[in-house]
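# Topology and contacts: notes
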Amino acid sequence: MTRKLYYDDPYLREITVQVAESASDERGQYVVLDQTCFYPEGGGQPADHGMIGAAAVQDVQNFDGEIRHYLDRKLEPGEYKAVLDWHRRWDHMQQHAGQHLLSALLEDRHGFKTTSFHLGQERVSIDLHQASISRETLRQVELEANRIISRHLPIRTQFVNEQQLETLHLRKPPAVTGDIRLVEMEGIDLNACGGTHPDNTAGIGLLKIIGTEKAKGGTRLYFLCGERALEHFGKLSDTSDALVGKLNAPLTELVQAADVLLSEKMAADKEITELKKQLLSAEAKALTPEEGVLVRDFGDRPVKELQQLARLATEHYPSVCLLFASQAQGSIRLVCAKGNESSADMRESLKRLLQETDGKGGGTAALAQGGGNTQEPFERFQEIFTEIHANG
């Protein structure tokens, strides 16, 4: 069985290992070692990464006590140097210890129990059974958490058997049997946990709650700790500095400046929409049907504009039957419409036109649209449509 050195010393970064077995499964190529500093995925904490010899460790999983290190290449049995991706491990240690602290404060101070924990690549989250939590409560918990972090409280681990467990007051029953690994944050939390943590609360660095959302009938709370939190603050600072420059407003007035800008944009958008409508109306009036039929090819013009133009044109010319087309790279989109004085059915007209394509469409008797790929020139569609409605 592989010796789990990450339990003996979570700060261990480099060791010499023996590859006892080299094999593959549905996940890929893996090795089993005599001892390891790589933590396997479990308890909400992702697996460690690093190197074994020249092979990159991409995943670590525990299968019934066998720890499999999944690599980017095959390694033959033998002796190798194993090097941990320390930046990744340290981040996981900070986030995981921060979760213990945050969950303990939420439960002990406010009665909000943590039901699950997820350590993601960008954000860390806990799910709470509480349906909603006030901002003031979150501010209080965050402040208390950071005060505890600064107290440099020891974080200790120990293994106990089931008999010893009966004398202890754990936050929740352990999910495994046999020897149980406990993590204690002095005076704050005592819980069964298989993850890696700093040896004191100062190692967490800092804790920042960054948001909440409703999830599974409760609340999902997002937070960041340590260097990950600092990186997040750096991005926020860069973004706010850029907005200060672009909006020409101090930081404290950014929201107000953005509101003014959005209000101006809404007014401009409304005006542009009205002007477009007027232009389309003028364009529709300028179109001249020939013998009650109006056919135009509009190149690569958006189909939504053609639909608007078709509606306006049929209002101006109530007896007209029209075909508008938009083409691009071997495909065609067709809009068929009629005025209220015409008895034609545009669905039937479109159905006939689509026989020249591999596409489909639909609509009403008054307006139908569709299209597809075709090698036929537009003149072919013009010919068919004119023939249908000239005879009508």
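Here, the structure is the one placed above.
Here's a quick rundown of the structure. (Residues numbered from 1 in each chain as written. Predicted model: local features only at pLDDT ≥ 70, side-chain atom pairs only at ≥ 80, totals over all residues. Heavy atoms only, no water.)

## Observations regarding the overall build of the protein
The secondary structure content of the protein amounts to nine helices and 20 strands. Taken along its principal axes, the extent of the C-alpha atoms in the protein is 95 × 55 × 40 Å. For the protein, with 392 residues in total, the buried portion stands at 43%. Look at the contacts in the protein between residues 6 or more apart in sequence, and 58% of them connect residues 24 or more apart. Counting only carbon and sulfur atoms, one obtains 48% of the accessible surface of the protein, whose full area is about 21,600 Å². (Helix = DSSP H or I, 4+ residues; strand = E, 2+ residues; numbered from the N terminus. Buried < 20%, exposed > 50% of the residue type's maximum accessible area, 1.4 Å probe, protein only. Contact = heavy atoms within 4.5 Å. Areas by Shrake-Rupley, 256 points an atom, 1.4 Å probe, with all protein chains shown as cover.)

## Description of the pairing of strand β7 (residues 66-71)
On a regular strand, one side chain projects to one face of the sheet and the next to the other, so that they alternate. Most of β7 is tucked away, with five of its six residues classed as buried. As paired strands, strand β3 (residues 28-33) and β7 are joined by two bridges and run antiparallel to one another. Residue pairing in the sheet places Val31 in a bridge with His69 of β7. The sheet contact formed by strand β6 (residues 55-63) and β7 spans six bridges and is antiparallel. Looking across to β7, one finds that Asn62 is bridged to Ile67. Between β6 and β7, which pair antiparallel in sequence order, lie two residues; one of them, Asp64, sits at a positive phi of approximately 50 degrees. (Pairing = 2+ DSSP bridges.)

## Looking at the pairing of strand β15 (residues 218-225)
Of all eight residues in β15, seven are buried, a share of seventy percent or more. Pairing of strand β10 (residues 124-128) with β15 involves five bridges; the strand directions are antiparallel. Along β15, the bridge assignment pairs Leu128 with Thr219. As paired elements, strand β14 (residues 207-215) and β15 share eight bridges and run antiparallel to each other.

## Side note on the pattern of salt bridges
Applying the stated criterion across every chain, the model contains 24 salt bridges. Arg156 serves as the salt-bridge partner of Glu186, at 2.8 Å between the closest nitrogen and oxygen. One end of the pair, Glu186, is in the loop between β12 (180-185) and β13 (189-192); the other, Arg156, is in strand β11 (residues 155-160), with 30 residues separating them in the sequence. Three or more residues joined by partner-sharing salt bridges are found here, namely Arg352, Glu356, Arg380 and Glu383. (Salt bridge = Lys/Arg side-chain N within 4 Å of Asp/Glu carboxyl O.)

## Some points on the packing of helix α2 (residues 86-110) against helix α5 (residues 226-247)
Relative orientation of the contacting elements α2 and α5 amounts to 95 degrees, with a least axis distance of 7 Å. By the criterion of interaxial angle, the relationship of α2 to α5 is roughly perpendicular. On α5, the residues that touch His87, Trp90, Asp91, Gln94 and Gln95 of α2 are Gly226, Glu227 and Arg228. Classifying every residue of the contact of α2 with α5 gives one nonpolar, four polar and three charged. (Axes fitted to C-alpha atoms, helices over the stretch in contact; angles between N-to-C directions. Parallel < 35°, antiparallel > 145°, perpendicular 65-115°, else oblique. Nonpolar A, V, L, I, M, F, W, Y, C, P; charged D, E, K, R; others polar.)

## Side note on the sheet that holds β6
If you walk around this closed barrel you meet the six strands as β2-β3-β7-β6-β5-β8, and the pairing is antiparallel. Neighbour-to-neighbour, the strand axes of this sheet turn through a mean angle of 50 degrees, independent of strand direction. Pairing of strand β5 (residues 50-52) with strand β8 (residues 78-84), which is carried by three bridges, proceeds in the antiparallel orientation. Counterpart to Gly50 in the pairing with β8 is Leu84.

## Remarks on the packing of α5 against helix α6 (residues 254-286)
As a packed pair, α5 and α6 sit with axes 11 Å apart at the nearest point and diverge in direction by 50 degrees. Between α5 and α6, the interaxial angle falls into the category oblique. In this structure, α5 crosses over α6, and the sense of that crossing is left-handed. Contact residues: Ser240, Leu243, Val244 and Leu247 in α5; Leu254, Ala257, Ala258 and Leu261 in α6. Among the residues forming the contact of α5 with α6, the class breakdown is seven nonpolar, one polar and no charged. (Left-handed = near helix turned anticlockwise from the far one by under 90°.)

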